[in-house]
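A structural walkthrough
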Amino acid sequence: MGFLVRLPLLVILAGIVSLAMLLPGGYAHVLNQHDLGSAFMSSGAVFLVLSALLGIATAGDPQRSRPRSVLLTMLGALTLLPAMMAVPFLLGLPDTGFFNAWWEMISCLTTTGATLYAAELLPAPLHLWRSLVGWMGGLFMLVAAVALLAPLRVGGFEILASPYGRSERFERLPRSDKQGGAVMPYMTESSLRRGMADPASRAMRAFREAFPVYAGLTLAMWTLLLILGESGFLALTRAMGTLSTSGISPINGPAAQSSGVAGEMVIFLFLIPALSRRFWPGGGELKTSDSWLGDPELRLAAGVVLLVAAMLFLRHFIGAIGVSPTGARGLFDTLDSAVSAAWGGIFNGLSYLTTTGWNSVEWQGARNWSGISSPGLMLAGLAVMGGGVATTAGGVKLLRVYALARHSERELEKIVHPASVGGGGLMARRLRREGAYLAFIFFMLFACSLAAIVLLISLQQIEFDSAIMLSVASLTNTGPLAGVIPLTPTFQGSAGIAGAPWEGWAGLPGMTKAVLAGAMILGRIETLALLALLSPEYWRK
């Protein structure tokens, strides 16, 4: 372990990816697909040797990692590692081309889940590789959030960072002419430099804490789905796609197949950890309350999901009052359809809020019940809102939305009662003031990024509504979102014989795919963190 800590983080990640290639390789040999299995095995062996050589060459370098290497490491991991991952995928589909294979791996590693290929045309080992890459991408984000982004106070950690540079939780704020108060270790410049001096050691510590929980939840969900009747392979990919919020699936269709609504309840339960960091080790500075019931992210998520489900459910009765001779009273006889529609709305609401993109078996019934033929805008709004800070979910994040909501509430209160005192405690004041200010900056950057991506895509003669949905799906890392409305197919590009241009991604021209790949990476690293790379202070020694 001491030797690994001395290696650059990117070299460690390359070695992990090389070892991971052996799993789909062994599975391919079990299925008697020996050519594909040999492609994975040989690729894993070659990259493992190269990683070892790089490790030996860099282990003795006395130059330690500097703070500015942190974001560059994340950027390199999300661009260079997919190039490694694409090699066995390319050997399995020689006609697809390296660019398409690289794009597919970026989509998986960023937990976007968009695909260029028809599910029924890909062999099972390639589906396993896609799911495994997405699962590793989710684990990477859990580790990187606390090990790489938290010391920089980006990625959502800036919302609750102390603006005073001292502990404010257990004592009164000192007078401005006094220097009292205990200093929070990670807030001082010297401690910040020490904590950021070695990203590899911080990442290894975070990995040791997060991996047992992440793998244990995946194993538990896999077991439950097996008990409910799902096949082993489908249950495994569903478990990995749910915990990582990648939404990667080896088949088309609803989230649960043989297990039905019971399986969806299991998936629903395991989507909840994507709503708050309190379900995962680390990130203690993000806790704004001691109890789960007081967690603002969980409360906001519950309110939004129930609101969406209620709107879908009640719209049926509101529309029926004007057209039914007996009003809405006669419609209560269809209790089974009503319950199914309510469950479809609740499940899809949480699925897209966590940027996973699973669809319920009752989703079509919910659409028919409410009379909404094209719910894409509603689901896109949920994906933009996103899940919890420092989790596997993408989007703007719930804590930022909550900070803006509390700030708006306080401003309206001041209009009615100008002399009122906000109160609410330390964390509430931070959220309403500095937190809301930073959240607004991020939201504006997100909106500007989305507008720029839509503009770049529209230059390639893509329909405007398709450009918007593709841009939102990429920037929020919610690939299945592009399938909720009928997109106008584009046949300006090809992903090979296994491609599916009618689903909206494979037929896009190469330039558009490159823009969308950049949007996926931008959505994962976040615009605010990426802009830090352009700051002169960030590069100053």
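Everything in this summary refers to the structure shown in the same document. All values derive from a computational prediction rather than experimental measurement.

Things to note about the overall build of the protein chain
- Scanning the protein chain for helices and strands turns up 22 helices and 0 strands.
- A buried classification covers 54% of the 541 residues belonging to the protein chain.
- Considering only contacts in the protein chain between residues 6 or more positions apart, those separated by 24 or more positions represent 70%.
- Taken as a whole, the protein chain presents about 23100 Å² of accessible surface, with 67% of it coming from carbon and sulfur.

Some points on the pattern of salt bridges
- If you walk through the whole model with that rule in mind, you get 8 salt bridges.
- One salt bridge connects D295 with R278, and the closest N-O pair in it is separated by 2.7 Å. Residue D295 is found in the loop between α12 (260–271) and α13 (296–321), and its partner R278 is found in the loop between α12 and α13; the two are separated by 17 residues along the sequence. Pair check on accessibility: D295 and R278 agree, each one buried.
- What you see here is one network of salt bridges that share partners, running through E158, K397, R400 and E526.

Topic: the side chain of S43
- Mapped onto the fold, S43 is located in helix α4 (residues 34–59).
- A polar side-chain atom of S43 sits 2.7 Å from the main-chain carbonyl oxygen of A39.
- Setting aside its immediate chain neighbours within four residues, S43 contacts M21, V87, P88 and L91.

Examining the packing of aromatic side chains
- Tallying each qualifying case throughout the model produces 13 aromatic pairs.
- Measuring from ring centre to ring centre gives 5.6 Å for F268 and W343, while their planes differ by 50°; the resulting arrangement is tilted. One end of the pair, F268, is in helix α12; the other, W343, is in helix α14 (residues 335–353), and 75 residues separate them in sequence. Here F268 and W343 have matching classes, each one buried.
- Among the aromatic residues, those joined into a ring-pair cluster are W135, F207, F211, Y214 and W280.

Digging into a nonpolar patch on the surface
- Where nonpolar side chains cluster on the molecular surface, the patch consists of V46, V49, L50, L53 and I56 and spans about 480 Å² of accessible area.
- By the element assignment, I56 lies in helix α4.

Observations regarding the environment of F279
- Relative to the assigned elements, F279 resides in the loop between α12 and α13.
- C-alpha separation for the pair F279 and W292, spaced 13 residues apart in sequence, amounts to 9.7 Å.
- Not counting residues within four places of it along the chain, the set of residues in contact with F279 comprises V213, I272, P273, W292 and L298.

Some thoughts on unusual backbone geometry
- Not every positive phi belongs to a glycine, and T111 is a case in point at roughly 60°.
- With respect to the helices and strands, T111 occurs in the loop between α7 (98–109) and α8 (124–152).
- Accessibility expressed as a relative area gives 0% for T111, which makes it buried.

Focus on the environment of G479
- Within the secondary structure, G479 is located in the loop between α19 (464–475) and α20 (510–525).
- For the pair G479 and T112, spaced 367 residues apart in the sequence, the C-alpha separation amounts to 4.9 Å.
- Ignoring anything within four residues of it in the chain, the contact list for G479 reads T112, G113, A114, A473 and W505.

A word on the packing of helix α2 (residues 9–20) against helix α6 (residues 81–92)
- Their axes nearest at 10 Å, the elements α2 and α6 cross at an angle of 15°. Accordingly, the angle class assigned to the pair α2 and α6 is roughly parallel. Pair α2 / α6 crosses with right-handed handedness. Side by side, α2 and α6 meet where L13, A14, V17 and S18 of the first sit next to L81, M84 and M85 of the second.
- Among the residues forming the contact of α2 with α6, the class breakdown is 6 nonpolar, 1 polar and no charged.

Things to note about the nonpolar core
- If you look at the biggest cluster of nonpolar residues, it comprises 128 residues, and the most contacted ones within it are L81, M85, F89, W129, L481 and W505.
- The leading source of residues in this core is α8, at 17 residues.
- Look past the residues within four positions of W129 in its chain and what remains in contact with it is V17, A20, M21, P24, F40, M85, P88, F89, M105 and M136.
- If you look at the next biggest cluster of nonpolar residues, it comprises 14 residues, including I159, A390, L431 and A439.

Cut-offs applied
- Residues numbered from 1 in each chain as written.
- Predicted model: local features only at pLDDT ≥ 70, side-chain atom pairs only at ≥ 80, totals over all residues.
- Heavy atoms only, no water.
- Helix = DSSP H or I, 4+ residues; strand = E, 2+ residues; numbered from the N terminus.
- Buried < 20%, exposed > 50% of the residue type's maximum accessible area, 1.4 Å probe, protein only.
- Contact = heavy atoms within 4.5 Å.
- Areas by Shrake-Rupley, 256 points an atom, 1.4 Å probe, with all protein chains shown as cover.
- Salt bridge = Lys/Arg side-chain N within 4 Å of Asp/Glu carboxyl O.
- Polar contact = N/O pair within 3.5 Å; in protein donor to acceptor, adjacent residues only side chain to side chain.
- Phe/Tyr/Trp six-rings, centres within 6.5 Å; stacked < 30°, edge-to-face > 60°.
- Patch = residues over 30% accessible without salt bridge, like charges linked within 9 Å, V, L, I, M, F, W, Y side chains within 5 Å.
- Axes fitted to C-alpha atoms, helices over the stretch in contact; angles between N-to-C directions.
- Parallel < 35°, antiparallel > 145°, perpendicular 65-115°, else oblique.
- Left-handed = near helix turned anticlockwise from the far one by under 90°.
- Nonpolar A, V, L, I, M, F, W, Y, C, P; charged D, E, K, R; others polar.
- Core = buried A, V, L, I, M, F, W, Y, C linked by side-chain atoms within 4.5 Å.

Just distances and angles here, no functional claims.
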